[in-house]
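Architecture at a glance
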Amino acid sequence: MIYGYIRVSTDKQDCENQKIGIETRAAALGVHIDMYIEDAGISGTREPEQRALGGVLRHLKSGDIIICSELSRLGRKLFMIMRILEYCMNVGAKLYTVKEGYELGDNIQSKVLAFAFGLSAEIERNLICQRTKDALATKRAAGQKLGRKFGSKNKKHKLDGKTKFINKQLANGVCKIKLAKKLKVSIPTLNKHIKNLKRKF
């Protein structure tokens, strides 16, 4: 069985770009993709069992192949990637990547490449997080206010000045689902506003 695995962390990213690369790699290998597995809008920090990828791994057999855009599509953590690759190697499956051109199987070269790439990905992710924290700390030290500017389109501001209307609707027995639709906000936003009102009084 030949699987094409696609993961995009946000809806704005294009699955088609990954699919085109996977199809090209499959053609170069002389194989045809039997099934595509997509994890759309799901972070690579989530465990494989919580993604569609987990279902593929459970049914993986010797001789099966997984082709993905790049190794980081499998996960964003070193040991997560290593566990996935180790599992593939143990069942006799192979994994190919498009961008790096890796062929990962049960050999020492594959294990070294997987370890080096996974380690680099995790270090880079940690560095990005640290740079963001440092930048925020610098802005705070300079006296800059963080967060949304006044007048931004934050949904919580939509309920400002509508307290009387909300209280009246609730008193008349209008359910929160209908009320949220009338106000054009989500139910969590409405609940948060009501909760904040209770704190004030």
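Residues numbered from 1 in each chain as written. Predicted model: local features only at pLDDT ≥ 70, side-chain atom pairs only at ≥ 80, totals over all residues. Heavy atoms only, no water.

**Considering the pairing of strand S4 (residues 94-97)**
- Direction of pairing for strand S3 (residues 65-68) relative to S4: parallel, over a ladder of four bridges. Across the sheet, residue Ile67 finds its bridge partner in S4, namely Tyr96.
- At this point the chain moves from S3, through helix H3 (residues 78-91), to the parallel S4, and the crossover so formed is right-handed.
- Of the strand pairs in this sheet, S4 and strand S5 (residues 103-104) are connected by two bridges, and their pairing is antiparallel. What sits directly across from Tyr96, in S5, is Glu103.
- Here S4 folds back onto S5, and the loop between the two strands holds five residues, one of which, Gly101, carries a positive phi near 70°. (Pairing = 2+ DSSP bridges. Helix = DSSP H or I, 4+ residues; strand = E, 2+ residues; numbered from the N terminus. Right-handed = clockwise from strand over helix to strand, strands pointing away.)

**Re the packing of aromatic side chains**
- Across all of its chains, the model carries zero aromatic pairs by this definition.
- Lying over the aromatic face of Tyr36, Lys19 brings its terminal NZ or CZ to 4.8 Å of the ring centre. (Phe/Tyr/Trp six-rings, centres within 6.5 Å; stacked < 30°, edge-to-face > 60°. Lys NZ or Arg CZ within 6 Å of the ring centre and 35° of its normal.)

**Overview of unusual backbone geometry**
- Phi angles above zero are rare outside glycine, and Lys184 is one such case at about 60°.
- Here Lys184 lies in the loop between helix H6 (176-183) and helix H7 (187-200).
- Exposure remark for Lys184: the relative accessible area of 66% places this residue in the exposed category. (Buried < 20%, exposed > 50% of the residue type's maximum accessible area, 1.4 Å probe, protein only.)

**Overview of the sheet that holds S4**
- If you trace the five strands from one edge of the open sheet to the other, you get S2-S1-S3-S4-S5, paired in mixed fashion. The sheet is open, and its two edges are formed by strand S2 (35-40) and S5, each paired on a single side.
- As paired elements, strand S1 (residues 2-8) and S2 share six bridges and run parallel to each other. Across the sheet, the residue bridging to Ile6 is Glu38, located in S2.
- The sheet contacts of helix H1 (residues 15-29) involve S1, S2, S3 and S4, and relative to S1 the element is tilted by about 155°. (Contact = heavy atoms within 4.5 Å. Axes fitted to C-alpha atoms, helices over the stretch in contact; angles between N-to-C directions.)

**Describing the packing of helix H5 (residues 163-171) against H6**
- Here H5 crosses H6 at 150°, and the two axes come no closer than 10 Å. Taken together, the axis directions place H5 and H6 in an arrangement best described as roughly antiparallel. Of the two possible hands of crossing, H5 and H6 adopt the one that is right-handed. Residue-level contacts link Phe165, Ile166, Gln169 and Leu170 of H5 to Lys176, Leu179, Lys182 and Leu183 of H6.
- Class assignment of the residues belonging to the contact of H5 with H6 gives a composition of five nonpolar, one polar and two charged. (Parallel < 35°, antiparallel > 145°, perpendicular 65-115°, else oblique. Left-handed = near helix turned anticlockwise from the far one by under 90°. Nonpolar A, V, L, I, M, F, W, Y, C, P; charged D, E, K, R; others polar.)

**Here's the deal with the pattern of salt bridges**
- As enumerated under the stated definition, the model contains four salt bridges in all.
- For Arg83, the salt bridge goes to Glu47, with nearest N and O atoms at 2.5 Å. Here Arg83, found in helix H3, pairs with Glu47, found in the loop between S2 and helix H2 (52-59); they are 36 residues apart in sequence, far enough to count as distant.
- Accessibility expressed as a relative area gives 43% for Arg83, which makes it partly exposed. (Salt bridge = Lys/Arg side-chain N within 4 Å of Asp/Glu carboxyl O.)

**Some remarks on H2**
- For H2, the full list of buried residues reads Leu53, Gly54, Val56 and Leu57. Seen from one end, H2 has its buried residues packed into an arc of 160°, which puts them on one side. Of the exposed residues in H2, the ones pointing more than 90 degrees away from its buried face are Arg58 and His59.
- Looking at the packing, one finds that the buried side of H2 touches S1, S2, S3 and H3. (Arc of directions from axis to C-beta.)

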